[in-house]
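# Structural overview for review
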Amino acid sequence: MSGRLTRVETRGTVRDRYLVHGTIAPRFVEARAVTASDAIPFTPAAGRETKAFAAMIADGSIRMPAAGRFYFDMDAYEAAATARRARRVPVLLIVSLLIVVVAVVFYRG
């Protein structure tokens, strides 16, 4: 092997183009179950994953075209993530204003 670095072309997968979080969404992306025709059977593990899976079905991120077969809808996932971020903005604004008020009240100059 020579001392030079060579560029290796990576495979162009869906995972390379989209950033998904959690434990469920990456499994669908890795299985390439991102369209109705590519739906896969999926059973969540007990506990926390079951709640997350139900929430993803409720917000439309996971769709069920046939009984027991599911696929990951990336557009709905991104829309749900945008909505969650939009709900956080007012909370963060109020918290930051409270911090400023406390700092001004206790300022001794």
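Preceding block: the structure.
Quick notes on the rules
- Residues numbered from 1 in each chain as written.
- Predicted model: local features only at pLDDT ≥ 70, side-chain atom pairs only at ≥ 80, totals over all residues.
- Heavy atoms only, no water.
- Salt bridge = Lys/Arg side-chain N within 4 Å of Asp/Glu carboxyl O.
- Helix = DSSP H or I, 4+ residues; strand = E, 2+ residues; numbered from the N terminus.
- Pairing = 2+ DSSP bridges.
- Patch = residues over 30% accessible without salt bridge, like charges linked within 9 Å, V, L, I, M, F, W, Y side chains within 5 Å.
- Areas by Shrake-Rupley, 256 points an atom, 1.4 Å probe, with all protein chains shown as cover.
- Buried < 20%, exposed > 50% of the residue type's maximum accessible area, 1.4 Å probe, protein only.
- Contact = heavy atoms within 4.5 Å.
- Phe/Tyr/Trp six-rings, centres within 6.5 Å; stacked < 30°, edge-to-face > 60°.

## Things to note about the pattern of salt bridges
Within this structure, the stated rule accounts for 3 salt bridges. As a salt-bridge pair, Glu 49 and Arg 27 come within 2.3 Å of each other at their nearest N and O atoms. With Glu 49 in helix H3 (residues 48–58) and Arg 27 in helix H2 (residues 25–30), this pair connects stretches of sequence that are 22 residues apart. Measuring nitrogen to oxygen at the nearest pair gives 4.0 Å for the salt bridge that ties Asp 59 to Arg 84. Taken as a pair, Asp 59 in the loop between H3 and strand E2 (62–66) and Arg 84 in helix H4 (residues 74–105) lie far apart in primary sequence, 25 residues in all.

## Here we look at the sheet that holds strand E1 (residues 40–41)
Note: strands within a sheet are paired through backbone hydrogen bonds, in either parallel or antiparallel orientation. Reading across from one edge, E1-E3-E2 is the order of the 3 strands in this open sheet, with antiparallel pairing throughout. Only two strands of the sheet have a single partner each, and these edge strands are E1 and E2. Both E1 and strand E3 (residues 69–72) contribute to a ladder of 2 bridges, which runs antiparallel. Bridging from a neighbouring strand, Pro 41 pairs with Arg 69 of E3.

## Here's the deal with a nonpolar patch on the surface
Residues Val 101, Val 102, Val 105 and Phe 106 make up a contiguous nonpolar surface patch of roughly 410 Å² in combined accessible area. Within the fold, Val 102 resides in helix H4. Assessed through its relative accessible area of 47%, Val 102 is described here as partly exposed.

## Focus: the pairing of E3
Here E2 runs beside E3; their pairing, made up of 3 bridges, is antiparallel. Bridge pairing in E3 links Ile 62 to Phe 72.

## So, the side chain of Glu 49
Given the relative accessible area of 12%, Glu 49 is considered buried. Once residues lying within four places of it in the same chain are set aside, the contact partners of Glu 49 are Thr 23, Ile 24, Arg 27, Phe 42 and Pro 44.

## Some points on the packing of aromatic side chains
How two aromatic rings sit relative to each other is given by the distance of their centres and the angle of their planes. Counted according to the given criterion, the structure contains 4 aromatic pairs. Ring centres 5.0 Å apart and planes at 50° place the aromatic pair Phe 28 and Phe 42 in the tilted group. Linking Phe 28 in helix H2 with Phe 42 in the loop between E1 and H3, this pair joins segments that are 14 residues apart in sequence. Both residues of the pair, Phe 28 and Phe 42, count as buried. Their ring planes at 80° and their centres at 5.1 Å tell us that Phe 53 and Phe 70 sit as a pair that is edge-to-face. Taken together, the residues span a long stretch of sequence, with Phe 53 in helix H3 and Phe 70 in strand E3 at a distance of 17 residues. Among the residues examined, Phe 53 registers a relative accessible area of 7% and is labelled buried. Phe 70 sits in the buried class, given a relative accessible area of 9%. In textbook terms, an aromatic cluster arises when at least three aromatic residues are bridged by ring pairs, as seen for Phe 28, Phe 42, Phe 53 and Phe 70.

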